[in-house]
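# Coordinate analysis (summary)
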Amino acid sequence: MNKKELIEAVAEKAGMSRAQAARAVDATLASVAEALSKDEKVQLLGFGTFEKKVRPARQGRNPRTGETLEIAESKNVGFKAGSALRAKL
């Protein structure tokens, strides 16, 4: 499912226009992104938890030359499915 299909599904299930559903989906995603940027955890009961994860800097190796190099710290988003979502899968 892509964003367009999600908007159409929300519009149908909530009984609203596609424009209203698009604004609702955009506002939801923006709120989740904003909370994650502030290092907050986003918990949606029954669905799951989004959390910012930080991978520390580390040493790596170039497989072609064998040369060691420094891999910079990276930030990613982790998702852990809630019990209700896991039950549906």
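An account of the accompanying structure is given in this report. For clarity, every value in this text was computed on a predicted model and none was experimentally measured.

This next bit is on the pattern of salt bridges. The full count for this structure, using the stated rule, is three salt bridges. In this structure, aspartate 26 engages lysine 3 in a salt bridge whose closest nitrogen and oxygen atoms are separated by 2.6 Å. Highlighted residues: aspartate 26 in helix 2 (residues 18-37) and lysine 3 in helix 1 (residues 3-14), separated in sequence by 23 residues. Between aspartate 39 and lysine 52 there is a salt bridge, and its shortest N-O distance comes to 2.7 Å. On the criterion of sequence distance, the pair formed by aspartate 39 in the loop between helix 2 and strand 1 (42-44) and lysine 52 in strand 2 (residues 48-55) is long-range, its members being 13 residues apart. Taking the relative accessible area as the measure of exposure, aspartate 39 reaches 57% and is therefore exposed.

For the coordinates displayed, the defined rule picks out two aromatic pairs. Considering the side-chain rings of phenylalanine 47 and phenylalanine 79, the 5.5 Å spacing of their centres and the 50 degrees angle between planes classify their relative orientation as tilted. Note that phenylalanine 47 is positioned in the loop between strand 1 and strand 2 and phenylalanine 79 in strand 5 (residues 74-81), a separation of 32 residues in sequence. Using a relative accessible area of 38% as the deciding quantity, one classes phenylalanine 47 as partly exposed. For phenylalanine 79, a relative accessible area of 40% translates into the label partly exposed. Here phenylalanine 50 and phenylalanine 79 contribute two aromatic rings whose centre-to-centre distance is 4.8 Å and whose plane-to-plane angle is 45 degrees, an arrangement assigned as tilted. You can see phenylalanine 50 sitting in strand 2 and its partner phenylalanine 79 sitting in strand 5, a full 29 residues away along the chain.

What follows is about a positive patch on the surface. A cluster of like positive charges, contributed by Lys41, Lys53, Lys80 and Arg86, occupies part of the molecular surface. For arginine 86, the position within the fold is in helix 3 (residues 83-88).

What follows covers the pairing of strand 4 (residues 68-71). When strand 3 (residues 58-61) meets strand 4, the two strands line up antiparallel, connected through four bridges. Bridge pairing in strand 4 places glycine 60 opposite leucine 69. Between strand 3 and strand 4, which pair antiparallel one after the other, the connecting turn spans six residues, and glycine 66 there sits at a positive phi close to 80 degrees.

So, on to helix 1. Compared with an ideal rise of 1.5 Å per residue, which puts 12 residues at 16 Å, helix 1 spans 16 Å between its outermost C-alpha atoms and is within 8% of the ideal. For helix 1, the capping residue at the N-terminal end is asparagine 2, with a side-chain oxygen 3.1 Å from the backbone nitrogen of lysine 4. Immediately beyond the C-terminal end of helix 1, within one or two residues, lies glycine 15, with a positive phi of roughly 65 degrees.

What counts, and at which threshold
- Residues numbered from 1 in each chain as written.
- Predicted model: local features only at pLDDT ≥ 70, side-chain atom pairs only at ≥ 80, totals over all residues.
- Heavy atoms only, no water.
- Salt bridge = Lys/Arg side-chain N within 4 Å of Asp/Glu carboxyl O.
- Helix = DSSP H or I, 4+ residues; strand = E, 2+ residues; numbered from the N terminus.
- Buried < 20%, exposed > 50% of the residue type's maximum accessible area, 1.4 Å probe, protein only.
- Phe/Tyr/Trp six-rings, centres within 6.5 Å; stacked < 30°, edge-to-face > 60°.
- Patch = residues over 30% accessible without salt bridge, like charges linked within 9 Å, V, L, I, M, F, W, Y side chains within 5 Å.
- Areas by Shrake-Rupley, 256 points an atom, 1.4 Å probe, with all protein chains shown as cover.
- Lys, Arg positive; Asp, Glu negative; His and termini not counted.
- Charge placed at Lys NZ, Arg CZ, Asp CG, Glu CD.
- Pairing = 2+ DSSP bridges.
- Expected span 1.5 Å × (residues − 1).
- Polar contact = N/O pair within 3.5 Å; in protein donor to acceptor, adjacent residues only side chain to side chain.

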